[in-house]
Amino acid sequence: MMLRAGTAVTCLACRSLLSPRMGLRVGVPVQKLHPLSRAIHHRYSNANAQRTPHRTAARHFTSLSRLPPRTHKYRYGGQGGHGYQQHRTFWVARLATRLLKLRYLVLGSAVGGGYTAKKTYEDWKDSLPDLSEYTWVVPDFVWELSEQIDLEKLASALPELPDAEELAKLIPDLEKIGENFTFLKGLLSTESPADSALNAPEAPVAAATAATTAASAESGGDKQYKKTSDKEKIDQLQEELLRSQMKYQRMLERLEKENKELRKVVLQKDDKGIHQRKVKKSLIDLYSEVLDILSDYDSNYNTQDHLPRVVVVGDQSAGKTSVLEMIAQARIFPRGSGEMMTRSPVKVTLSEGPHHVAMFKDSSREFDLSKEEDLAALRHEIELRMRKSVKDGQTVSAETISLSVKGPGIQRMVLVDLPGVISTVTAGMASDTKETIFSISKAYMQNPNAIILCIQDGSVDAERSIVTDLVSQMDPQGKRTIFVLTKVDLAEKNLSSPSRIQQIIEGKLFPMKALGYFAVVTGKGSSSESIDSIKDYEEDFFQGSRLLRDGMLKAHQVTTKNLSLAVSDCFWKMVRESVEQQADAFKASRFNLETEWKNNYPRLRELDRNELFEKAKNEILDEVISLSQVTPKHWQSILQKKLWERVSTHVIENIYLPAAQTMDSGTFNTTVDIKLKQWTDKQLPHKALEVAWETLQEEFARFMAEYKGKDQDDIFDKLKEAVKDESIKRHKWNERAMDSLRVIQHNALEDRSITDKPQWDAAIQFMEETLQSRLKDTESVITDMVGPDWKQRWMHWTNRTPEQHVRNETKNELERLLKLQEEHTAYLANDEVTTVRKNLEARGVEVDPVLIKDTWHQLYRRHFLQKALGHCNLCRRGFYYYQRHFVDSELECNDIVLFWRIQRMLVITANTLRQQLTNTEVRRLEKNVKEVLEDFGEDTEKKTQLITGRRVQLAEDLKKVREIQEKLEAFIEALHKEK
């Protein structure tokens, strides 16, 4: 542009807005310099006329759009000024373009570089961002510019003024105008020569001197100007633009902070009124509840969980947890140096609330995240839950830990932090850890509506990444993947070529595609850093980073704040697009399940596993209570009978038979007393308690079996059997009962006083029954040894085996010996064995001495029992002699007294055990059963094992599907209301 004003005299107000690099030439009216200059030079013809009201107007132009051409012609008179007044629209974007155009073009025009400057200006103007959104910041003082200067006097004086000094006298207080422009300067750019001219008191003189010098410069000035390369101009403009963006960002953050505080106040007021009205769950809480139910739901109707959530995946130690903590605005996860800390998926539900707190799904405790001790307790609890979820021999678990975090300004979304992907299984890990992590990650990422937040460590070589290949497999088109490059500060420091970071962020280095790419810094690597200090460090880093300064990264691609906003927007967009489709799918699944139930179980209620368990629990408790209704007589009878069955063999074989071999009554009684004492001290009390405990078990099982016949559902059989076994296993008889029982039994066996004839007769009957039972058993054993007799062989056509034939011959030989010596002892002498063997060999029967002794033992036993039974008959009339201590009598009935002592001990022991059962042990068993039922009720896996079947699974699925559908419908309704 050129200036036609005489000898290098120009409008000082206009020249102060221009860059000194641009020259001035005559030949073009001053008014064509800039619209701002036109506004200054063309006043209203009436100095006191009111300005046209500001029109918010009809058309908006950004810094990237061309302005419409002006068709008006202007003169130095007042008519042109009035005609232009209608078209003034001082938007920020237009004003910015005009100011910067003046700065860089005036000096170039003065030297003759008008064409080059104009071309540079057009290129630069096309590269400016769209500032139309910030037109609201234009203050009213801009309109006061035309009132500060008498532009008509300046216009008429320009051709006549001889020098710049007189021109400066006519110019009003430009310092005042500079102060008005200070705020606008801070919004649009940093300090520049034009701004300095507006603010400095010496601006009029300096501008006039610069204009005079530029007008009288020779052609050497053109060469000096051309040396400035286009690249330097672009770099300067980019730097100024970056600073402007940072200033706007700080303004937005300040406004967001104020908004956050206001919202906190509002939420706190609402929080105080919760007790006065029904608590209304937030939208994200409703959605999180649906996801919690779905995590436990395994459908057999292909109604899979396709509801959106943000799945955070990445290589181990890539910074997944740190990114999640920055989004949650709290250091909530356990930390370790290089070791695996995330051992199971952690579902974090983020929502806004008045206080920054965290809470587990299955707990009512709130952790105050503003307190360091609560943060430490939360991290410890998460670590404990992770380790508890990992089974023995494993390193990671697929069990999900649900956590909710609320706080002011937190973006609403649901994120799932997964264990880091590893390339090698190290020492201490299970051999299948790598495959398990891949399986867990794929299970979450294969959801077509899941948003994959792929975390890549920027401080390591990109070629070492494993997770990018995994993400590419699950989302090859990148329609639901957001890529995050962490540790960018280390990457910029370590990489010799920053363009490599640009390639990553632009998606050119990896084959993986993504919706968006972000670069973040999550601290300096210290676990003691606070969230606020990390945010400050991240902001300071990007302000000074050459990645932004050189245009390698865009401002919206950096900081975790922008990442959080982008992820939240993407999450809710995905939710709105897919939630109704999922609700329809579960509705169809519910119809199918209800139809199957009506067809297969038309007369049964739909009881799920928990309801069936409660029903079985009540039945079992009723059966246990029935034990207390058993009569004392019944307990006494069965206890006495079972106790004798348990100890009879010991009494006969170890006490009675050895004592009966003695030759006189004194030795018999002494032997009996010694053996009874040893038996009572060591075995008898323990055997008695075993019998009592077994009796209690049998009665318990009997009552359960009887109850089963009363229309009981066989679906409870496994549960009842498990409860019975576990209760018996846990039940231990009172230890003090054994000591007291020992004393009672010892006193009972010490008594030998039979007081009346009925007791004597009862003892004889008891002895006869016992001996007859033993004799019968012995006869059976001998029959099995020798085989069938001639009658059985003839009737049943059976024959003896060779061994039975040998035993039969041996039996016949030994019977002849017993007939000859009826008072023979219980054992054969060696010479007698030899004699029997030789006699058999003489008849052609080869026999072993051991076989002879075994056969003799059974034959003598039968012989002894037959004699003892005969002795019982003789003692029926011996009570009279017993009372006289068998004085002057050949009859001795000490064996009857022994059996009376045994019988009395059995009665007293059974009565004692019965009292212990009814008074103590039945109640303790009932208590054990209740404890077992409580434990089983809390163990979901145990209930699943014990209550099984298609009917149970169908009822479970029906309950889950109904609950999911109802919650989804409530969520959709709330979602529509929020819209």
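Each chain carries its own residue numbering, running from 1 in the direction its sequence is written. A pLDDT threshold of at least 70 governs which residues receive local features in this predicted model, and a stricter bar of 80 or more applies before side-chain atom pairs are shown or counted, although totals over entire chains, interfaces and linings include all residues. Derived side-chain values reflect all non-hydrogen atoms in the structure, with water molecules and hydrogen atoms excluded from consideration.

A. Geometry of the sheet that holds strand E8 (residues 481–486). Taken in spatial order, the 9 strands of this open sheet run E4-E3-E5-E2-E6-E1-E7-E8-E9, and their pairing is mixed. Because the sheet does not close on itself, it has two edges, and the strands there are strand E4 (367–368) and strand E9 (516–519). Sheet topology places strand E2 (residues 346–352) next to strand E6 (residues 413–417); 5 bridges connect them, and they run antiparallel. The residue bridging Lys-347 from the neighbouring strand is Val-416, located in E6. Strands in contact with helix H18 (residues 467–474) are strand E1 (310–314), strand E7 (451–457) and E8; relative to E7, the strand with the most contacts, it is inclined by about 160°. At least two DSSP bridges between two strands are required for those strands to pair. Under the scheme used here, helices are H or I runs from DSSP no shorter than 4 residues and strands are E runs no shorter than 2 residues, and both carry numbers assigned from the N terminus. Contacts were defined at the residue level, with two residues in contact if any of their heavy atoms lie within 4.5 Å. Interaxial angle, 0 to 180 degrees, is taken between N-to-C directions of lines fitted to C-alpha atoms, where a helix line uses only the stretch in contact.

B. Region of the structure containing the environment of Thr-433. Note that Thr-433 resides in helix H17 (residues 433–445). Here Thr-433 falls in the buried class, since its relative accessible area comes to 1%. Once the C-alpha coordinates of Thr-433 and Gln-394 are considered, the two residues, 39 residues apart in sequence, prove to be 7.3 Å apart. Residue contacts for Thr-433: discarding those within four places in its chain leaves Met-340, Thr-395, Val-396 and Ile-422. Polar contacts involving the side chain of Thr-433 include one to the side chain of Thr-395, which spans 3.1 Å. Each residue is assigned to one of three classes by its accessible area relative to the maximum for its type, calculated with a 1.4 Å probe on protein chains only: buried under 20%, partly exposed between the two thresholds, exposed over 50%. Side-chain atoms alone can form a polar contact between residues adjacent in sequence; in general such a contact is a pair of N or O atoms within 3.5 Å, and within protein one must be able to donate a hydrogen while the other accepts it.

C. Molecular detail of the environment of Arg-877. With respect to the helices, strands and loops of the structure, Arg-877 is situated in the loop between helix H34 (849–874) and helix H35 (879–883). Classification of Arg-877 by relative accessible area gives exposed; the value is 55%. Along the backbone, Arg-877 and Trp-760 are 117 residues apart, and their C-alpha atoms lie at a distance of 9.6 Å.

D. Structural detail: the state of the cysteines. A pair of cysteine sulfur atoms is labelled a disulfide when the two atoms are within 2.5 Å. Applying the stated criterion across every chain yields a total of 1 disulfide. One disulfide bridge connects Cys-875 with Cys-893, the sulfur atoms lying 2.1 Å from each other. Here the disulfide of Cys-875 and Cys-893 is left-handed, its torsion about the S-S bond being about -100°. Separated by 18 residues along the polypeptide, Cys-875 in the loop between H34 and H35 and Cys-893 in the loop between H35 and helix H36 (894–938) bring together distant segments of the chain. By the burial criterion, Cys-875 is buried, and Cys-893 matches it.

E. Focus on the packing of aromatic side chains. Note on aromatic contacts: the rings of Phe and Tyr and the six-membered ring of Trp form a pair at centre separations within 6.5 Å, being stacked when their planes are under 30 degrees apart, edge-to-face when over 60 apart, and tilted otherwise. One pass over the structure, following the stated rule, counts 16 aromatic pairs. Ring geometry for Tyr-287 against Phe-571: centres 5.7 Å apart, planes inclined by 80°, an arrangement best described as edge-to-face. Residue Tyr-287 is found in helix H14 (residues 283–295), and its partner Phe-571 is found in helix H23 (residues 560–600); the two are separated by 284 residues along the sequence. Phe-571 shares its class with Tyr-287; the two are buried. Relative to Phe-367, the ring of Phe-360 lies with its centre 6.0 Å away and its plane at 85°, an arrangement referred to as edge-to-face. Per residue, the accessibility class of Phe-360 equals that of Phe-367, and both read buried. Linked through ring pairs, Trp-644, Tyr-656, Phe-766, Phe-864 and Phe-899 together constitute an aromatic cluster. The rule for a charge over a ring is simple: NZ of Lys or CZ of Arg within 6 Å of the ring centre, and within 35 degrees of the ring normal. In this structure, Arg-385 packs its charged tip against the face of Phe-360, placed 4.0 Å from the ring centre. Across the ring face of Phe-613, the terminal group of Lys-943 is positioned such that the distance to the ring centre comes to 5.7 Å.

F. Structural view of the pattern of salt bridges. Here a salt bridge means any side-chain nitrogen of Lys or Arg lying within 4 Å of a carboxyl oxygen belonging to Asp or Glu. A full pass over the atoms with the stated rule returns 45 salt bridges. Linking Asp-681 and Lys-677 is a salt bridge whose minimum nitrogen-to-oxygen distance equals 2.6 Å. With Asp-681 and Lys-677 both in helix H26 (residues 665–682) and 4 residues apart, this pair spans about one turn of that helix. With its nearest N and O atoms 3.3 Å apart, the salt bridge here joins Arg-742 to Asp-739. Of this pair, Arg-742 and Asp-739 both sit in helix H29 (residues 735–750), 3 residues apart, roughly one helical turn. Note on Arg-742: relative accessible area 22%, which makes it partly exposed. A relative accessible area of 46% means that Asp-739 is categorised as partly exposed.

G. How the structure looks around the pairing of E1. Burial within E1 is extensive, with 5 of its 5 residues counted as buried. Two elements, E1 and E6, share 3 bridges in a ladder whose sense is parallel. Of the residues in E6, the one forming a bridge with Val-311 is Val-416. Of the pairings in the sheet, the one linking E1 to E7 comprises 5 bridges and is parallel in character. Bridging across to E7, Val-311 finds its partner in Ile-452.

H. Summary view of helix H24 (residues 609–626). One less than the residue count of a helix, multiplied by 1.5 Å, gives the span that helix is expected to have. Between its first and last C-alpha, H24 extends 26 Å over 18 residues, near the 26 Å set by a 1.5 Å rise per residue. For H24, every residue scored as buried is listed here: Arg-609, Leu-612, Phe-613, Ala-616, Lys-617, Glu-619, Ile-620, Leu-621, Glu-623, Val-624 and Ser-626. The backbone nitrogen of Asn-610 lies 3.3 Å from a side-chain oxygen of the residue at the head of H24, namely Asp-608.

I. A look at the nonpolar core. Grouped together as the largest cluster of nonpolar side chains are 102 residues, with contacts concentrated most on Tyr-656, Trp-679, Trp-760, Ile-896, Ile-902 and Val-929. With 17 residues, the top contributor of residues to this core is H36. Ignoring sequence-local partners within four residues, the contact set of Val-929 consists of Ile-620, Leu-621, Val-624, Phe-700, Val-723 and Ser-727. Nonpolar core, defined: a set of buried Ala, Val, Leu, Ile, Met, Phe, Trp, Tyr and Cys residues in which side-chain atoms within 4.5 Å join the residues together. Listed in part, the 59 residues of the second largest apolar core include Leu-286, Leu-324, Val-567 and Val-579.

J. Local environment of the side chain of Thr-770. Assignment of secondary structure puts Thr-770 in helix H30 (residues 757–786). The exposure class assigned to Thr-770 is buried, which follows from its relative accessible area of 6%. Within the local environment of Thr-770, its side chain forms a polar contact with the backbone oxygen of Phe-766, the two atoms lying 2.8 Å apart. The contacts of Thr-770, once residues within four sequence positions are left out, are Trp-644, Ile-652 and Phe-899.

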